[in-house]
Amino acid sequence: MLCPKCHASEVEARDHEQRLKTVGGVMLGSAGVAAGAVGGAAAGASTGAAIGTLAGPLGIITCATIGTFVGAISAGVTGGFLGRRVGHKAGTVVDKNVFFDYKCLQCGHRFNAA
Ligand SMILES: [Zn+2]
């Protein structure tokens, strides 16, 4: 890999992965947690209510409450995990298309691999 400007061989590849862990991954990861928690709470509440219906009127209230918590926690964890992974991937694609990949250590010129 040579710098197209000064033809120096000292070029550094920019670390996309590293940057994304601090920017895109965090942002989209927390968005995933929030979405997962809301969706999980709703799903957990209805599942809990369905189970509770079989156990009687009191069970509806108890199971729906437990279901809400369990659903929120489990889906929140899953959502957060997926959000981080999807966000990370999307960010990598954007970063690679928008930003330059290499930087010349001699003249500071930034360029993409052909
Ligand atoms: Zn250069």
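Note that the structure is a prediction, hence the values are computed from the model and not measured. (Residues numbered from 1 in each chain as written. Predicted model: local features only at pLDDT ≥ 70, side-chain atom pairs only at ≥ 80, totals over all residues. Heavy atoms only, no water.)

Lay out the environment of E10 in plain terms, naming residues and giving numbers.
Within the secondary structure, E10 is located in the segment before β1 (11–13). On a C-alpha basis, the gap between E10 and C104 in space is 6.2 Å, while along the polypeptide they are 94 residues apart. For E10, the contacting residues outside a window of four places in its chain are K103, C104, L105 and Q106. (Helix = DSSP H or I, 4+ residues; strand = E, 2+ residues; numbered from the N terminus. Contact = heavy atoms within 4.5 Å.)

Please set out the coordination of the zinc ion residue by residue, giving values where relevant.
Four donors placed tetrahedrally about a metal ideally form angles of 109.5 degrees, and six donors placed octahedrally ideally form angles of 90 or 180 degrees. Protein coordination at the zinc ion: the donors are C3 (SG), C6 (SG), C104 (SG) and C107 (SG), at 2.3 Å from the metal. Coordination at the zinc ion is tetrahedral: its four donor atoms span angles of 106 to 113 degrees at the metal. Here C104 falls in the buried class, since its relative accessible area comes to 1%. (Donors = N, O, S within 2.8 Å, 3.2 Å for Na, K, Ca; no water. Tetrahedral: all angles 85-135°; square planar, octahedral: opposite > 155°, others 65-115°. Buried < 20%, exposed > 50% of the residue type's maximum accessible area, 1.4 Å probe, protein only.)

Please provide a residue-by-residue account of unusual backbone geometry, values included.
Most peptide bonds take the trans form, and the phi angle of most residues other than glycine is negative. Of note, the phi angle at H7 is positive, near 60 degrees, even though the residue is not glycine. Mapped onto the fold, H7 is located in the segment before β1. On the basis of relative accessible area, H7 is assigned to the exposed category, the value being 56%.

Any details on the confidence of the model for the chain? Residues and values, ideally.
Across the chain, pLDDT averages 73, with 65% of residues at or above 70. Averaged pLDDT values for the elements of the chain fall to 59 in helix α1 (residues 16–22) and rise to 91 in strand β2 (residues 102–104). (pLDDT = per-residue confidence, 0-100.)

Mind laying out the nonpolar core, listing which residues take part and the relevant values?
Of all hydrophobic cores here, the largest spans five residues; its members are C3, A8, V11, C104 and F111. What C3 contacts, discounting residues up to four positions off in sequence, is A8, V11, C104, C107, H109 and F111. (Core = buried A, V, L, I, M, F, W, Y, C linked by side-chain atoms within 4.5 Å.)

Please give an account of the sheet that holds β1 that cites residues and values.
Ordered in space as β1-β2-β3, the three strands form an open sheet in which the pairing is antiparallel. Strands with a single pairing partner mark the edges of an open sheet, and in this sheet they are β1 and β3 (110–111). Summarising the sheet, β2 and β3 pair through two bridges and their orientation is antiparallel. Considered in β3, the bridge of K103 is made with R110. (Pairing = 2+ DSSP bridges.)

Kindly report on a nonpolar patch on the surface, identifying the contributing residues and their values.
A cluster of nonpolar side chains, F69, I73 and V77, forms an exposed patch at the surface whose accessible area comes to about 350 Å². You can see V77 is positioned in helix α3 (residues 57–98). (Patch = residues over 30% accessible without salt bridge, like charges linked within 9 Å, V, L, I, M, F, W, Y side chains within 5 Å. Areas by Shrake-Rupley, 256 points an atom, 1.4 Å probe, with all protein chains shown as cover. Salt bridge = Lys/Arg side-chain N within 4 Å of Asp/Glu carboxyl O.)

Let's hear about the environment of P4: which residues, and what values?
Looking at the secondary structure, you find P4 in the segment before β1. Separated by 105 residues in the primary sequence, P4 and H109 place their C-alpha atoms 8.4 Å from one another.

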